Amino acid sequence: MKLIIAGSTGFLATELTRQSLSNPLITSLITLGRKPCPPPDPSTLLPNADLSKLKSVILEDFDRDDYPNNIKSDLSNADACIWTIAITPAQLKTVPWETTVKVCRDYAVTGIKVISSLTDKRPFRFVYVSGANAVRDPAKKPLLLGDYCVLRGEAENKILEFGKTSGGRVEVAIAKPGIISGPTKETGVLARVFFGVVGIGKVRVGQVAGALLEGVAKGFERETYENEDLVRVGSGTVAGGE
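If you're wondering where the values come from, they're calculated on a predicted model, not measured in any experiment. Throughout, residues of each chain are indexed from 1 in the direction in which the sequence is written. Reporting of local features is limited, given that this is a predicted model, to residues whose pLDDT is at least 70; pairs of side-chain atoms are given and counted only at 80 or more, and all residues count toward the totals for whole chains, interfaces and linings. The basis for the side-chain values is all heavy atoms of the structure; hydrogens and waters are excluded.

**Quick look at the overall build of the protein chain**
For step 1, the next point in the chain: Here a helix means four or more residues in a row that DSSP labels H or I, a strand means two or more in a row labelled E, and each is numbered from the N terminus. Of the regular secondary structure elements, the protein chain holds 7 helices and 9 strands.
For step 2, the next point in the chain: Principal-axis analysis of the C-alpha atoms gives the protein chain an extent of 45 × 40 × 35 Å.
For step 3, the next point in the chain: Buried, partly exposed and exposed residues are distinguished by accessible area as a fraction of the type maximum, computed with a 1.4 Å probe on protein chains only: under 20%, between the cut-offs, and over 50%, respectively. Within the span of the protein chain, comprising 242 residues, buried residues form 50% of the whole.
For step 4, the next point in the chain: When contacts within the protein chain are restricted to residue pairs at least 6 apart in sequence, long-range pairs at least 24 apart make up 73% of them.
For step 5, the next point in the chain: When the accessible surface of the protein chain is totalled, it reaches about 11700 Å², and 53% of it is carbon and sulfur.
For step 6, the next point in the chain: Across the protein chain, the centroid of the 30 positively charged side chains sits 1 Å from that of the 27 negatively charged ones. Throughout, a contact is declared for two residues whenever any of their heavy atoms are within 4.5 Å. Computed by Shrake-Rupley with a 1.4 Å probe, the accessible areas treat only the displayed protein chains as cover when residues are assessed. Note that His is not counted, nor are the chain ends; the positive residues are Lys and Arg, and the negative ones are Asp and Glu. For charged residues, the charge sits on one atom: NZ in Lys, CZ in Arg, CG in Asp, CD in Glu.

What follows is the structure, given as structure tokens:
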């Protein structure tokens, strides 16, 4: 299968790439981002990693209604896409709200429309990586990062609606991980206490990647993967159980 990972240099995207290179079900891997995907660290590769199936595609401007023809050519005939591009809560203070809306919602909506139109594969599978605290009902806006949580929920709604109105062409899943940690990114003690108080769980980056790759390759077991689902499914995969 041909898989597109949107957001090629991020923490989760890097792990998705690492696992995909050793996944025999994935024969072609496209990383899509504004910057080139850095070469994988040989010391972190899993057994049987095949670097020849990796291609880095650079789209410098995602703020558009369509993609250039050369980009569309590289993205054509894909079986699935995992969309990880977003502004994180930690970045909100330095990024204008208008930009946050575009990156978290508009880029993804354009992405699923454009990429799904370039393939004849049925169904085309699309994962939107959101967050555990995103809310689809604005009336449930939380006190903490309320506008941001509503925005991510609005993006989820738009992505889900696109899948439901595609006539079976596109299958959509939403991933809602909690606090993602890994070998190079551990959550501090105070942060763990804080997120525990507000009810946000934790998950290893390998578990998230393992669960999402399982879904795009073999079919989604559910429309929305809550944090506990990502832990459960991801722990059952080879790389996610590390």
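This is not the end of the story, as more comes after the structure.
**Considerations on the pairing of strand β6 (residues 170–175)**
For step 1, the next point in the chain: With respect to burial, β6 is a largely interior element, 5 of its 6 residues being buried.
For step 2, the next point in the chain: Sheet analysis places strand β5 (residues 124–129) next to β6, joined by 6 bridges and oriented parallel. Its bridge partner being in β6, R125 is matched across the sheet by E171.
For step 3, the next point in the chain: When the strands point away from the viewer and the connection leading from the first strand across the helix to the second strand turns clockwise, the crossover is called right-handed. Once you follow β5 into helix α4 (residues 146–164) and on to β6, the crossover reads as right-handed.
For step 4, the next point in the chain: For two strands to be treated as a pair, DSSP must find no fewer than two bridges joining them. Of the pairings in the sheet, the one linking β6 to strand β9 (residues 224–225) comprises 2 bridges and is parallel in character. Across the sheet, I174 pairs through a bridge with T224, a residue of β9.

**A closer look at the sheet that holds strand β1 (residues 2–6)**
Pairing between sheet strands relies on hydrogen bonds along the backbone, with the strands arranged either parallel or antiparallel.
For step 1, the next point in the chain: Taken in spatial order, the 7 strands of this open sheet run β3-β2-β1-β4-β5-β6-β9, and their pairing is parallel. Whereas interior strands pair on both sides, the edge strands pair on one side only; in this sheet they are β3 (54–58) and β9.
For step 2, the next point in the chain: In the sheet, β1 pairs with strand β2 (residues 28–33) via 5 bridges, with the strands oriented parallel. Within β2, the position partnered with K2 by the bridge is S28.
For step 3, the next point in the chain: Lines fitted to C-alpha atoms define the axes, with helix axes restricted to the stretch in contact, and inter-axis angles between N-to-C directions lie between 0 and 180 degrees. Running at roughly 160° to β5, helix α6 (residues 205–218) makes contact with β1, β4 (80–83), β5, β6 and β9 of the sheet.

**Thoughts on the environment of V216**
For step 1, the next point in the chain: Relative to the elements of secondary structure, V216 occurs in helix α6.
For step 2, the next point in the chain: Linking V216 and V231, residues 15 residues apart in sequence, is a C-alpha distance of 16 Å.
For step 3, the next point in the chain: If near-sequence neighbours (up to four positions away) are discounted, V216 is found in contact with M1, L3, A80, I82, R125 and V127.

**Some details on the packing of α6 against helix α7 (residues 227–235)**
For step 1, the next point in the chain: The N-to-C vectors of α6 and α7 enclose an angle of 80°; their axes lie 7 Å apart at closest approach. By the angle class used here, α6 and α7 are roughly perpendicular. Packed against α6, whose contacting residues are Q207, V208, G210, A211, L212 and E214, the element α7 presents L230, V231, V233, G234 and S235 at the interface.
For step 2, the next point in the chain: Class assignment for the residues of the contact of α6 with α7 results in 6 nonpolar, 4 polar and 1 charged. Should an angle fall under 35 degrees it is called roughly parallel, over 145 degrees roughly antiparallel, and 65 to 115 degrees roughly perpendicular, with every other angle called oblique. The residue classification treats Ala, Val, Leu, Ile, Met, Phe, Trp, Tyr, Cys and Pro as nonpolar and Asp, Glu, Lys and Arg as charged. All others, Gly included, are polar.

**Here's the deal with the pattern of salt bridges**
A side chain with one charge can pair with a side chain of the opposite charge if their charged atoms come near.
For step 1, the next point in the chain: Here, a salt bridge means any Lys or Arg side-chain nitrogen found within 4 Å of an Asp or Glu carboxyl oxygen. On inspection of all chains with the given rule, the structure shows 17 salt bridges.
For step 2, the next point in the chain: A salt bridge links K121 to D79; its shortest N-O distance comes to 3.2 Å. Of the two residues, K121 sits in the loop between α3 (97–117) and β5 while D79 sits in the loop between α2 (69–75) and β4, which places them 42 residues apart along the sequence.
For step 3, the next point in the chain: Overall, K121 belongs to the partly exposed group, its relative accessible area being 28%.
For step 4, the next point in the chain: Owing to a relative accessible area of 18%, D79 belongs among the buried residues under this scheme.
For step 5, the next point in the chain: In this structure, R232 engages E221 in a salt bridge whose closest nitrogen and oxygen atoms are separated by 2.5 Å. Linking R232 in helix α7 with E221 in the loop between α6 and β9, this pair joins segments that are 11 residues apart in sequence.
For step 6, the next point in the chain: Through salt bridges with shared partners, a single ionic network connects E221, R222, D229 and R232.

**Describing the nonpolar core**
For step 1, the next point in the chain: In this structure, Y67, W83 and I159 are the most contacted members of the largest nonpolar core, which totals 38 residues.
For step 2, the next point in the chain: Counting residues per element, the ones that place at least two in this core are β1, β2, α2, β4, α3, β5, α4 and β6.
For step 3, the next point in the chain: It is α3 that contributes the most residues to this core, 9 residues altogether.
For step 4, the next point in the chain: Apart from the residues within four sequence positions on either side, I159 is in contact with A108, V109, I112, F126, Y128, V172 and I174. In this text, buried Ala, Val, Leu, Ile, Met, Phe, Trp, Tyr and Cys residues form a nonpolar core when linked through side-chain atoms within 4.5 Å.

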